[in-house]
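Observations on chain architecture
Residue-level listing of the chains:
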Amino acid sequence: MCREEAADLCGALSGMDVPIFGVVKEEELKNVEEDKMRGVVEFEKEYFCGPLFLSDEERSLYEFLGNKPIFTFGTLGKALINPFKFRRELKEMGERMKSKGLEGNLVGDGLTKGGVLCIAPDGELKYTFYEDAGKGIPKECLSKIVEAVNSFGEVQGVVQPTSGAAAAVPVE
């Protein structure tokens, strides 16, 4: 999940009575100094609205999300075949992030797609959002996430927005 997706998610869930946490792939960095954590500490403090865990050695959560690479021969081929469209999409992404008050840093393990799993307290998977790198979380998917979370019933914990999440586009 990138900064934009974290801000989108946290903005949509702000004030809802539901715990939220993230699992990052940088597990090989468990014993590394904070300033060399590839932006994980900054991501947690400024963009994400819950604790991050540096562990999923079996990558079981990523299996639920398809464990797909962000860049494939198909995506690279499309960029080479139509570089103008690729450049336009990069420009649109930059403008969208700027309008939300977000900055990218292109660090961390950005090679595997992430996403959002909405898991009810009873363990039932209510909704899955699969990351589409560089696109954020579309409003219709944010609405489905909120709907899934609302279906949980009563849980403990409140999502508090961070400075980056406060700039997120609200669900309409």
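This text gives an overview of the structure that appears in the document. Along each chain, the written sequence defines residue order, and numbers are assigned to residues from 1. In keeping with the model being predicted, local features are shown solely for residues with a pLDDT of at least 70 and side-chain atom pairs are shown and tallied solely at 80 or more, while totals for entire chains, interfaces and linings include all residues. The basis for the side-chain values is all heavy atoms of the structure; hydrogens and waters are excluded.

**A word on a nonpolar patch on the surface**
Quick reminder of the rule: Patch definition: residues with relative accessible area over 30% and no salt bridge; like charges joined within 9 Å; nonpolar side chains (Val, Leu, Ile, Met, Phe, Trp, Tyr) joined within 5 Å. Method for areas: the Shrake-Rupley scheme with a 1.4 Å probe, in which residue coverage is limited to the protein chains shown. A side-chain nitrogen of Lys or Arg and a carboxyl oxygen of Asp or Glu constitute a salt bridge if their distance falls within 4 Å. The helix count covers DSSP runs of H or I at least four residues long, the strand count covers runs of E at least two residues long, and both are numbered beginning at the N terminus.
Residues Phe64, Ile119 and Leu125 make up a contiguous nonpolar surface patch of about 290 Å² in total accessible area. Mapping Ile119 onto the fold places it in strand E3 (residues 115–119).

**Side note on helix H5 (residues 83–99)**
The test is simple: To estimate how far a helix should extend, the number of its residues minus one is multiplied by 1.5 Å.
Between its first and last C-alpha, H5 extends 24 Å over 17 residues, near the 24 Å set by a 1.5 Å rise per residue. Trailing H5 by a residue or two, Gly101 shows a phi angle of about 75°, which is positive.

**Observations regarding the state of the cysteines**
One way to say it: the disulfide is the covalent bond shared by the sulfur atoms of two cysteines. This is how the line gets drawn: We call a pair of cysteine sulfur atoms a disulfide whenever their separation is within 2.5 Å. Burial status follows relative accessibility: with a 1.4 Å probe on protein chains alone, a residue under 20% of its type maximum counts as buried, one over 50% as exposed, and anything between as partly exposed.
Within the structure shown, the criterion is met by one disulfide. The partner cysteine of Cys10 in its disulfide is Cys49, sulfur to sulfur 2.1 Å. One quick way to see it: the torsion about the S-S bond of Cys10 and Cys49 is about -85°, and its sign makes the bridge left-handed. With Cys10 in helix H1 (residues 3–13) and Cys49 in the loop between helix H2 (40–46) and strand E2 (52–53), this residue pair connects regions lying 39 residues apart in the sequence. Cys49 gets classed as buried once you look at its relative accessible area, which sits at 10%.

**Some points on the nonpolar core**
So the rule is basically this: Buried residues of nine kinds, namely Ala, Val, Leu, Ile, Met, Phe, Trp, Tyr and Cys, make up a nonpolar core once their side-chain atoms join them within 4.5 Å. Contacts were defined at the residue level, with two residues in contact if any of their heavy atoms lie within 4.5 Å.
Core analysis: the biggest nonpolar cluster contains 31 residues, and Leu9, Leu13, Phe48, Cys118, Ile137, Ile145 and Val149 have the highest contact counts within it. Elements supplying a minimum of two residues to this core: H1, H2, E3, strand E4 (125–130) and helix H6 (139–150). With near-sequence residues (within four places) excluded, Val149 lies in contact with Leu13, Met16, Val18 and Cys118.

**Brief notes about the side chain of Glu5**
Residue placement: Glu5 occurs in helix H1. You can call Glu5 buried: its relative accessible area is 1%. Glu5 has contacts with Phe129, Glu131, Asp132, Gly136 and Ile137, leaving out every residue within four places of it along the chain.

**With respect to the packing of H1 against H6**
Heads up, the rule is: In this analysis, axes come from line fits to C-alpha atoms, helices being fitted only over the stretch in contact, and the angle between any two N-to-C directions falls in the range 0 to 180 degrees. Should an angle lie under 35 degrees it is considered roughly parallel, over 145 roughly antiparallel, and from 65 to 115 roughly perpendicular; all remaining angles are considered oblique. Take the far helix as your reference; a near helix turned counterclockwise from it by less than a right angle gives a left-handed crossing, and one turned clockwise gives a right-handed crossing. Residue type decides the class: Asp, Glu, Lys and Arg count as charged, Ala, Val, Leu, Ile, Met, Phe, Trp, Tyr, Cys and Pro as nonpolar, and the leftover types, Gly among them, as polar.
Where H1 meets H6, the closest approach of the two axes is 10 Å, and the angle between their N-to-C directions is 45°. By the angle class used here, H1 and H6 are oblique. Pair H1 / H6 crosses with right-handed handedness. When H1 is examined against H6, the residues Asp8, Leu9, Ala12 and Leu13 are found in contact with a partner set consisting of Leu142, Ile145, Val146 and Val149. Looking at the contact of H1 with H6 residue by residue, the classes come out as seven nonpolar, no polar and one charged.

**A few points about the side chain of Glu4**
As a reminder of what qualifies: N or O atoms closer than or at 3.5 Å make up a polar contact, with two conditions inside protein: a donor-capable atom paired with an acceptor-capable one, and, for residues adjacent in sequence, both atoms drawn from side chains.
Locating Glu4 in the fold gives a position in helix H1. In this structure the side chain of Glu4 is engaged in a polar contact, spanning 3.1 Å, whose partner is the side chain of Lys100. If we skip the residues at most four places from it in the chain, Glu4 touches Arg96, Met97, Lys100, Leu102, Gly134, Lys135 and Gly136.

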